[in-house]
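Inside the fold
Here is how the chains run, residue by residue.
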Amino acid sequence: MNVVDLARVDSSMIELVGGKAAGLGELIGAGERVPGGFCVTTEVHDAAVRGTGGIGPGVRAEIIAAYERLGAGAVAVRSSATAEDLPDAGSAGQQDTFLEVRGAAEVIAAVRRCWDSLWSERAVAYREANGISHESVRMAVVVQRMVDPRVAGVLFTADPVTGSRSRMTVDAAPGPGTAVVGGTVVPDHYVLDGRAPAMSGGGCLDAAHLEELRAAGLRIQRHFGAPQDIEWAIDSGGTLWMLQSRPVTALFPLPPDTGRPKPRVYLNFRPAQGMHRPFTPMGMSVMKTAVARWWEAFGIGGAFDPVDGPEGIVDVGGRMFGDATRYVRNLAARRCLVTVMRIEGPQVAAALELLLRDPRFRPRLGLPFRPRTAAAFTTRLLPSLIAGTTRTLARPDAVRARAFGTAERIRRSVRPPAEPATAAERLHFVMQAHALFLNRTTVRELIWPVYAGVIAADLPVLLLRGVAPEGEVRTVLHGMPHNVTTEMDLELWRLAAGARRHRDLLVNTPPAELAARYRRGGLPDIGLGDFLARYGQRAAAEVDVGRPRWGEDPEPVFAVIANYLRVTDPAQAPDRRFAASARAAEATLEELVRRARRRRPVRAHLAGFLLRRARAVGGLRELPKFAWTHLLHEVRRQLLLVGSEMAGRGLLDSADDIMFLTLREAQAAVVGTGMKETVAARRADYRREVRRRHVPDVLLSDGTDVETLLPAPASRDGTLVGMPGAAGTVTGPARVISDPAGARLEPGEILVAPSTDPGWTPLFMTAGGLVTEAGGPNSHGPTVAREYGIPAVIGVPHATRWIRTGRRITLDGATGIVRVH
């Protein structure tokens, strides 16, 4: 089929007519007013590509006949690629449109120019950025009768800036809508949210037109089943025409409807996890079982499923969010919530402050939790916390030794099902695995010592107020001993130092190639096998069992080894820097105590006691997670064995397809339920979410990203403001990295990242400083940065967007300020 009337088109014909034509056909079928037109199909373009690139006489005659049926007047000739106006990629403005085209010869020429625009620089770059294969894209062309617009513009049925599905936005300007879409005019802007329209601009639309647009938007959104980006025009007679409708592609997904009263407030666990990328579906499912066990270990009451987890923990876009509505609405808890969340970043706290002023969340009396939960905390958890803290401060060396012993016992206690095991037995192990780790013994032996270390580090800041600034007090936490993550990084440095005779090979060969050669046994022995035997269960985003571990894919390890081998200044060697940082911290501790003793001897004695305890047990901060990674590694191994068995039976295409199912779905698949289509859809969703640059930290049930409602932060002279993470000042070139796998970081460069977890920390050893968009002072990134003695600023909104690789920046870790030169 070469030419087809738009009235005969629907969404099932997208491979023939492309996204734009399919959307227009659906609008016509739904009864909306659309200018008449036709589509030159992808088959014509395919034939032209295979042939001479021209339009054959027969096709040319069909196009001219269709044009004449439209009246042979002015038309719009518009691209309609198969990767255009799709739910995942709108391709807005990536291919060309030509208006006021007159005459058959000009129409034919405009069709060819639309084809050519498929390979424009911007269209190619857009497809590459969105993971769209060039070979998979086909091009159709829409020809439509022109509307002579008095006013035209764009209607979004959801707010594209805030994400709110509760309000629409309209941009309008006199004349054709291309000026609005192309951004060449400042349009009138209207917000429609059920109240009187809010407007900025000259007011080229009246209330009747706005109501007509709102009603049309509701109809079209209902027809397509998703928020829409609609181009429209009103002609000189006042008639409204629909020119295009495509999904709004950039919206963050809505929280699932749990049946609870709305609106609701959800908080992202990302800052605490130090993880920007999404969970795989299986990673999220396993994490929910962990949360259920965690709540049990802490004595939190309430009925919840041990596999699906507590009802208030939800998956939104592959990120874990918690329903905080009852705390926001509670008179006693709301201020405490803001104080607690302040450690996750100033933007999060400011967003919560904004919600406290929202009348929809006015406070209520009563408790935000069940009385039974409060009783359990008071009678069981609180005494245990007090006893554990007291024991840690009184006998830090014994408590530390016991903590390491507990971690080793946990590692040895991870016992998978005996072989040969069935898939059902392996899944049963996975579902029950966290009972081995998340229990009261873990809380007593591993968690309370960590809390005691945090208390011992924080109280001296108050005790020494007026004697020393907070940044100086925090330097006592540099070069912290007994940290398993630090020890891992230093061991990798020693491995790299011992491999210098192979420097050319390890520095000049791409890490991915080195990893492949290592797996084939084609590299010299540099001791990597011993390192991976101890740390091969680790990885970036390691709390997600869907992510490969270093033992499976050592590419990130080879990238770090190459970075270490680029260090040529002996003074910058990580082991020397760490040792110097530790000596400076000890010296600062003694100096602070001497200085305080002259004015406040009692406080000086107490501060010195606490700071020494902080150095004795503060390094335990990473131990619970290190112990957990052994369990997660075995859980992943068992899941891959299940996936391999299912792939062998033809139920999945590959073993790691199981990572795109939930535990419940894996159980169903084991008994024969087909899941290949589900896996394919989930993989596509996951790839889209991996590309997402911004993820809300405070989200409403209608999709509103609350941080977008905050006033823009004042910025002078390229200054960005975050939170102090690790004291110190440094100036150097920035290196923006979104994934540590294969990342190159030159010695002294300042690492700028969305967030970090222990899988990133080997990069810290040669970094000049650290800037992250997410995280709190006690999250993994700044904790390890302090121990390495490198300055860190955390919680800098959009740091990876405003800072470019190679740009010189200065960061002050004591004030939380980053200056971009």
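Read on for an overview of the structure. The structure displayed is predicted, hence computed values, not measured ones. (Residues numbered from 1 in each chain as written. Predicted model: local features only at pLDDT ≥ 70, side-chain atom pairs only at ≥ 80, totals over all residues. Heavy atoms only, no water.)

**A word on the pattern of salt bridges**
Inspection of the entire model under this criterion finds 51 salt bridges. For the salt bridge of R246 with D229, the shortest nitrogen-to-oxygen distance reads 3.1 Å. Separated by 17 residues along the polypeptide, R246 in strand β11 (residues 240-247) and D229 in strand β10 (residues 228-235) bring together distant segments of the chain. A relative accessible area of 8% places D229 in the buried class. (Salt bridge = Lys/Arg side-chain N within 4 Å of Asp/Glu carboxyl O. Helix = DSSP H or I, 4+ residues; strand = E, 2+ residues; numbered from the N terminus. Buried < 20%, exposed > 50% of the residue type's maximum accessible area, 1.4 Å probe, protein only.)

**Structural notes on the sheet that holds strand β22 (residues 808-812)**
Strand order in this open sheet of 8 strands is β16-β23-β22-β18-β19-β20-β21-β17, and the pairing throughout is mixed. If you trace the sheet from one side to the other, it starts and ends with β16 (719-721) and β17 (723-726), each paired once. Going across the sheet, the axis of each strand differs from the next one's by a mean of 30°, ignoring polarity. Here strand β18 (residues 729-736) pairs with β22 via 5 bridges, running antiparallel. Its bridge partner lying in β22, T731 is registered against T810. (Pairing = 2+ DSSP bridges. Axes fitted to C-alpha atoms, helices over the stretch in contact; angles between N-to-C directions.)

**A short note on helix α21 (residues 528-535)**
All of the buried residues along α21 are L528, F531, L532 and Y535. The arc that holds the buried residues of α21, viewed along the axis, is 95°, so those residues lie on one side. For α21, the exposed residues lying more than 90 degrees away from the buried face are D530 and A533. At its buried positions, α21 is contacted by α18 (484-498), α20 (511-519), α22 (555-565) and α25 (623-648). (Arc of directions from axis to C-beta. Contact = heavy atoms within 4.5 Å.)

**Some details on the packing of helix α23 (residues 574-599) against helix α24 (residues 601-617)**
How two helices pack is summed up by the angle between their axes together with the distance between the axes. Between α23 and α24, the least distance of the axes is 7 Å, while the angle of their chain directions is 165°. One element, α23, and the other, α24, form an angle in the roughly antiparallel class. In the packing of α23 onto α24, the handedness of the crossing is right-handed. Residue-level contacts link A582, A585, E586, L589, E590, V593, A596, R597 and R599 of α23 to P601, A604, G608, L611, R612 and R615 of α24. Classifying every residue of the contact of α23 with α24 gives 8 nonpolar, 1 polar and 6 charged. (Parallel < 35°, antiparallel > 145°, perpendicular 65-115°, else oblique. Left-handed = near helix turned anticlockwise from the far one by under 90°. Nonpolar A, V, L, I, M, F, W, Y, C, P; charged D, E, K, R; others polar.)

**What to know about the pairing of strand β8 (residues 188-192)**
Of all 5 residues in β8, 4 are buried; the element is thus mostly enclosed. Pairing analysis gives 5 bridges linking strand β7 (residues 168-174) to β8, with the strands arranged antiparallel. Among the inter-strand pairings, A172 is bridged to a residue of β8, identified as D188.

**A look at a positive patch on the surface**
A contiguous patch of positive charge, built from R693, R801, R804 and R807, is present on the exposed surface. Its location among the elements puts R807 in the loop between α29 (799-802) and β22. (Patch = residues over 30% accessible without salt bridge, like charges linked within 9 Å, V, L, I, M, F, W, Y side chains within 5 Å. Areas by Shrake-Rupley, 256 points an atom, 1.4 Å probe, with all protein chains shown as cover. Lys, Arg positive; Asp, Glu negative; His and termini not counted. Charge placed at Lys NZ, Arg CZ, Asp CG, Glu CD.)

**As for the packing of aromatic side chains**
Tallying each qualifying case throughout the model produces 10 aromatic pairs. Taking the centre distance of 6.2 Å and the plane angle of 10° together, the rings of F437 and W628 count as stacked. Highlighted residues: F437 in the loop between α15 (423-432) and α16 (440-463) and W628 in helix α25, separated in sequence by 191 residues. By relative accessible area, which is 4% here, F437 ends up buried. (Phe/Tyr/Trp six-rings, centres within 6.5 Å; stacked < 30°, edge-to-face > 60°.)

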